[in-house]
Amino acid sequence: MTRKILRAILLASTLVLLASFLVSTLVLYSYFGKVQTDQLQDELSLAAAGTEQYGLDYLHALGEESFRLTWIDKDGTVLFDSAADEKTMENHLDREEIQQAFATGHGSSTRTSDTLTEKLLYEAQRLDDGTVLRISVSSASAAALALGMLQPVLFIFFAA
């Protein structure tokens, strides 16, 4: 009888811990995604102001950053890219965030980059001269967040 009660308690505790882990992971993923998007928009505003004032000199002076900047001409030609050689890049006029930026002044999207083969968040802004500046950053997946949280959860599980 005691063994049966202990098994029931262990099963209930495991299910509660697992449910808490899943809910926490989803809530944190959503929260960090929003924070990352807000920061990306702020960085884009600053980069756009610098680009409008100083042009390519400003973009070259930024050096290595944790984000990728791409400057696109009105015809979709890449004028500058901080992560790849712009001379070898394809026309960007068909990109969702670029089309939105040309149409409304601002655009955003999330997709896997053909150039960098990873999931990226994109934000784009039309500049006063009609060109578009785009910023992007790698986005951690929910699975990556869950793996990062797994060790403390397992510690709690075995301690319990």
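Rules behind the numbers
- Residues numbered from 1 in each chain as written.
- Predicted model: local features only at pLDDT ≥ 70, side-chain atom pairs only at ≥ 80, totals over all residues.
- Heavy atoms only, no water.
- Buried < 20%, exposed > 50% of the residue type's maximum accessible area, 1.4 Å probe, protein only.
- Helix = DSSP H or I, 4+ residues; strand = E, 2+ residues; numbered from the N terminus.
- Pairing = 2+ DSSP bridges.
- Phe/Tyr/Trp six-rings, centres within 6.5 Å; stacked < 30°, edge-to-face > 60°.
- Lys NZ or Arg CZ within 6 Å of the ring centre and 35° of its normal.

Peer 1: Please explain the pairing of strand S1 (residues 68-72) as it appears in this structure.
Peer 2: Successive side chains on a regular strand alternate, one facing one side of the sheet and the next facing the other. Most of S1 sits out of view: five of its five residues are buried. Neither face of S1 is exposed, since Arg68, Thr70 and Ile72 on one face and Leu69 and Trp71 on the opposite face are all buried. With five bridges joining them, S1 and strand S5 (residues 132-138) adopt antiparallel strand pairing. Of the residues in S5, the one forming a bridge with Trp71 is Leu133. Relative to strand S2 (residues 78-81), S1 runs antiparallel, the two sharing three bridges. When the bridges of S2 are listed, Thr70 appears paired with Asp81. Counting the residues in the hairpin turn of S1 and S2 gives five residues, including Gly76, whose phi is positive at 95 degrees.

Peer 1: I keep staring at the packing of aromatic side chains and nothing clicks. Help me out?
Peer 2: By convention here, two paired aromatic rings are described through the distance between centres and the angle between planes. Counted according to the given criterion, the structure contains one aromatic pair. One Lys or Arg, Arg111, reaches over the ring of Tyr122 and ends 4.1 Å from the middle of that ring.

Shape is all these values report; function is a separate question.
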